Structures are given as C-alpha cells and as structure tokens.
Amino acid sequence: MTVRIRIPANLRQFSGGQAVVETQSQNVGAAIESLVEQWPGLRDKILDSEGQIHSFLNVFVGHRDIRDLNGVATALASNDELLVVPALAGG
Amino acid sequence: MLVTDFGESGQEKLKNASVMISRAGGVGGLVAYQLAAAGVGHLLIAHAGNVKPSDLNRQLLMTHDWLGKPRIESITRRLNELNPRLKISAIPDNVSLQNVGELVSQVDLIVDCAPLFSERFAMNAAAIEQNKPMVECAMYELEAQLTTIVPGKTPCLRCLYPTEPPNWTRRFPVFGAVSGSVACLAAMEVIKLVAGFGQPLLGRMLRYDLRDMSFHVLDICRKRSCAACSHIE
C-alpha cells in the first residue's frame, strides 16, 4: 500500500529536495527502511547506530506519535501519512 | 475586550501578568511586541549582544540606527514606544544554568524562543522546578512548531526531545514572516493561558510548513522515562 512520508525542511537536502516521499509499506519500520534505501544520506540522520529512530526525532502517523502506538511496528493503512518531526530551536 | 469570553477581567489579568521571554529575536521580539500591545503588565526579557546587520531581516525590535549597540536597549526602546506603561525587566544576558532559576522566579510564565537547546532545556528544567507554564515555540526555514507546557499535566520539552540534535547550530535559514507567524501564535497562547479562556495547545503540538501551507495538530504525551518531569504526579 502506498504511504507518504513528509520530510522536514532540515533533512530535505538528503532527499533530493523532496518534501514528500512515497513508499509501499505495511508498517512504520518498513516505511522508514524504504525511505533510507531510496535516500541513503537520510539513514544516519533518522536512525542511530543501532537502527533506532533518533530520540531528537518524532514520527507521527496521522496525529499520533508512533512511540505512543506500537513504535516501528505500528501498522499503516493505504494513504497514511508519516510525519518526521525534528527538534527545532530556531528563534 | 470585545472578545466576549475574554472581557474586562481578561484584560485585568494581562495587566497583572509577568512573562519571561528568551530571547527577543525573530520569534521572541514579536512575542514581546504582541504582548506589549495586548496589555501584559510586565515583561522580563533576556537577550545578550549588540545589534548586527544580520538581525534586521527578522528581529523587528532591532533597528538600523542601533547597529553595534546593545540589543536589549533597542528592545526596551521599541517596546516602550508602543506601550510606555509596560514594565520591562531588561536582562543584557542570555539564559544560562547560572541565571535561569532567578529569572524564572520573577515571572508567572515563560516563552521559550531561544536559538540553542542548552537554553531551552535550562528553561524547561526551571519551569518544572518552579511549576510555571512555558510556551514552547521554534522554527527552521519555513517550518515552525508550537506547544504549551504545563508541568505535570503536559509533556515537557524533554518528553518531546530527550536529547538535542548533535548538529544544531545558532545559524539557521529564516524569513521574518515565518518567525513572526509562530511568534503571534505563541503570544496568543500566552493570552489564553493568562486570561483563562480558549483552548491552549496542552498535550498538542502545532506543526506547520509555510512552503506548502500544511498544518498539523499532533497529539503529544508525557513520557514515563522523561529525565526532567517523570517525578511529577
């Protein structure tokens, strides 16, 4: 099923400037893996050395934080949107 | 005062309120200006350094004729031009672990507009320790985030981001209209909190991207593992 991943502005230099990347994925972990396979420069920006999502990034499915759901095992439905939301401090 | 659920009592509450803003640049400067216009009685503003040319694309309390002179003087002058009755505590330093407790103790609530995570986390810790609300606003390029933190009731900044991103720097891409947009929304959060009306962003975070005008209101929850606030019931 097709899901959309919204890339934050501070990471778009690693996704070819794209704000939205589409993948075919059943759950969040597969979607993230598909994303970093398409855009390898994103891998260490999103995942730590153990393959976990960095603690300074939050990922939402719809309006829910995956850490409040089933983490990377959170199931996705067709047309779901994943938001990668980074810690920002611009003032 | 014509806003029916705000009214004269809301205006009175603003007059009696004291709000800390750190810093008063692209975001904080506009927060301060809106709160001064709205009639908040006391602003405590912490901002170090002298006005630079690169400030002027967004920091609307800084003026060209004040280049090379202390920012906090330009801030005070501009706010008092708008509202001479406003009490301003002008702090010519940035927030640090050394001064944050004393600064926070002087106000009812905090607006976090700092460009460094060390300052943001210091204010978060002081807000929790002193049980003060903190409006958390940040931006980058054409994106912005906003939430309102009430210790013990909502997630704190460490719940959201336990660690700071390793490569964040004080220099970031910005249009003044983006920093100004989140500043106006943050000022409205302060007004609602102080006057006790409307629905502030408690347990919710507004995230938006003005590049495509996408707006999301996200549910955010406290984390049991939070190093900063998990001890609060």
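Up top is the structure.
Keep in mind it's a predicted model, so treat the numbers as computed, not measured. (Residues numbered from 1 in each chain as written. Chains lettered and ligands numbered in written order. Predicted model: local features only at pLDDT ≥ 70, side-chain atom pairs only at ≥ 80, totals over all residues.)

Visitor: When you look at the overall build of chain B in this model, what are you seeing that I'm missing?
Guide: A count of helices and strands for chain B gives 7 helices and 8 strands. The C-alpha atoms of chain B give 17 Å as radius of gyration, which agrees with the globular expectation for 233 residues (17 Å, within 12%). Projected onto the principal axes, the alpha-carbon positions of chain B cover approximately 50 × 45 × 40 Å. Here chain B holds 233 residues, and the buried ones make up 46% of them. Look at the contacts in chain B between residues 6 or more apart in sequence, and 68% of them connect residues 24 or more apart. (Helix = DSSP H or I, 4+ residues; strand = E, 2+ residues; numbered from the N terminus. Rg over C-alpha atoms; globule rule 2.2 N^0.38 Å. Buried ≥ 20, exposed ≤ 12 C-beta atoms within 10 Å, placed from the backbone. Contact = placed C-beta atoms within 7 Å.)

Visitor: Hey, could you run me through the overall build of chain A in this one?
Guide: When you go through chain A residue by residue, the secondary structure sums to 2 helices and 5 strands. Its helices and strands taken in sequence order, chain A reads β-β-α-α-β-β-β from the N to the C terminus. Taking 12 Å as the expected radius of gyration for a compact globule of 91 residues, we find that chain A reaches 12 Å, a close match to that expectation. Taken along the three principal axes of its C-alpha coordinates, chain A extends 35 × 25 × 25 Å.

Visitor: Would you explain the interface of chain A and chain B in this entry?
Guide: How big an interface is tends to be reported as the loss of accessible area on association of its parts. Across the boundary between the two partners, chain A contributes 20 residues, which contact 36 residues of chain B. Contributing elements (two or more residues each) for the side of chain A that touches chain B: strand S3 (57–61), strand S4 (64–65) and strand S5 (81–86) of chain A. For the side of chain A that touches chain B, the leading source of residues is S5(A), giving 3 residues. Its residues assigned to classes, the side of chain A that touches chain B comprises 11 nonpolar, 6 polar and 3 charged. (Nonpolar A, V, L, I, M, F, W, Y, C, P; charged D, E, K, R; others polar.)

Visitor: Would you explain the environment of Gln13(A) in this entry?
Guide: By the element assignment, Gln13(A) lies in the loop between strand S1 (2–6) and strand S2 (20–24). Each C-alpha atom, one on Gln13(A) and one on Gly41(A), is 8.8 Å from the other, the two residues being 28 residues apart in sequence.

Visitor: Just to check I follow, could you spell out the sheet that holds strand S7 (residues 204–209) of chain B for this structure?
Guide: Backbone-to-backbone hydrogen bonds join strands into a sheet, with any given pair of strands oriented parallel or antiparallel. Residues and elements named next belong to chain B. Ordered by their spatial adjacency, 8 strands build an open sheet running S3-S2-S1-S4-S5-S6-S7-S8, and the pairing between neighbours is mixed. Strand pairing shows two members of the sheet lacking a second neighbour, strand S3 (87–91) and strand S8 (214–219), which therefore form its edges. Across the sheet, the mean angle from the axis of one strand to that of its neighbour is 15 degrees, orientation sign disregarded. (Pairing = 2+ DSSP bridges. Axes fitted to C-alpha atoms, helices over the stretch in contact; angles between N-to-C directions.)

Visitor: Even after reading the chapter, I still don't get the packing of helix H2 (residues 28–38) of chain B against helix H7 (residues 176–195) of chain B, so can you show me in this structure?
Guide: Any two packed helices are characterised by how steeply their axes cross, that is the angle between the axes, and by the distance between the axes. Residues and elements named next belong to chain B. Two elements in contact, H2 and H7, have axes separated by 8 Å at closest approach and are oriented at 40 degrees. Here H2 is positioned oblique relative to H7, judged by the angle of their axes. The interaxial crossing formed by H2 with H7 has right-handed handedness. Residues Leu30, Val31, Gln34, Leu35 and Ala38 of H2 form the contact with H7, whose own contacting residues are Ser179, Gly180, Ala183, Cys184, Ala186, Ala187, Val190 and Ile191. Class assignment of the residues belonging to the contact of H2 with H7 gives a composition of 10 nonpolar, 3 polar and no charged. (Parallel < 35°, antiparallel > 145°, perpendicular 65-115°, else oblique. Left-handed = near helix turned anticlockwise from the far one by under 90°.)

Visitor: Teacher, can you tell me more about the sheet that holds S3(A) here?
Guide: Residues and elements named next belong to chain A. Strand order in the open sheet formed by 5 strands is S2-S1-S5-S3-S4, with mixed pairing between adjacent strands. Of all strands in the sheet, those with a lone pairing partner are S2 and S4, marking the two edges. For S1 and S2, the ladder comprises 5 bridges, and the chain directions are antiparallel. Bridging from a neighbouring strand, Thr2 pairs with Gln24 of S2.

Visitor: In this structure, what is going on with the environment of Asn124(B)? I would like to understand it.
Guide: Residue and element names in this part refer to chain B. Checked against the element boundaries, Asn124 lands in helix H5 (residues 117–129). C-beta crowding within 10 Å serves as the criterion here: with 26 such atoms nearby, Asn124 is assigned to the buried category. The spacing of Asn124 and Cys229 is 105 residues in sequence and 9.4 Å in space, taken between C-alpha atoms. In contact with Asn124, not counting residues within four places along its chain, are Met134, Cys156, Leu157, Arg158 and Ala228.

Visitor: So what exactly am I meant to see when it comes to the pairing of S8(B) here?
Guide: Moving residue by residue along a regular strand, the side chains alternate between the two faces of the sheet. Residues and elements named next belong to chain B. Pairing geometry for S7 and S8, over 6 bridges, is antiparallel. Along S8, the bridge assignment pairs Arg207 with His216. The antiparallel hairpin formed by S7 and S8 contains 4 residues in its connecting segment, where Met213 sits at a positive phi of about 55 degrees.

Visitor: Got a minute to help me understand helix H1 (residues 28–38) of chain A in this structure?
Guide: Residues and elements named next belong to chain A. Residues of H1 that are buried include every one of Val28, Ala31, Ile32 and Leu35, and no others. Burial along H1 is one-sided: seen end-on, the buried residues are contained in an arc of 95 degrees. Where H1 is buried, its residues contact S1, S2, helix H2 (43–46), S3 and S5. (Arc of directions from axis to C-beta.)

Visitor: Is there a simple way to explain H5(B) in this structure?
Guide: An α-helical turn contains 3.6 residues, so any two residues separated by three or four positions project in the same direction. Residue and element names in this part refer to chain B. Its 13 residues give H5 an end-to-end C-alpha distance of 18 Å, which sits within 8% of 18 Å, the value for a rise of 1.5 Å per residue. Within H5, 11 of the 13 residues are buried, which leaves the element mostly enclosed by the surrounding structure. Among all positions of H5, only Phe117, Glu119, Arg120, Phe121, Ala122, Met123, Asn124, Ala125, Ala126, Ala127 and Ile128 are buried. In this structure, the buried side of H5 is in contact with strand S1 (18–22), helix H4 (100–104), strand S4 (109–112), strand S5 (134–140), strand S6 (143–149) and helix H6 (157–160). Of the residues one or two after H5, Asn131 is the one with positive phi, at around 55 degrees. (Expected span 1.5 Å × (residues − 1).)

In short, geometric facts, not functional conclusions.
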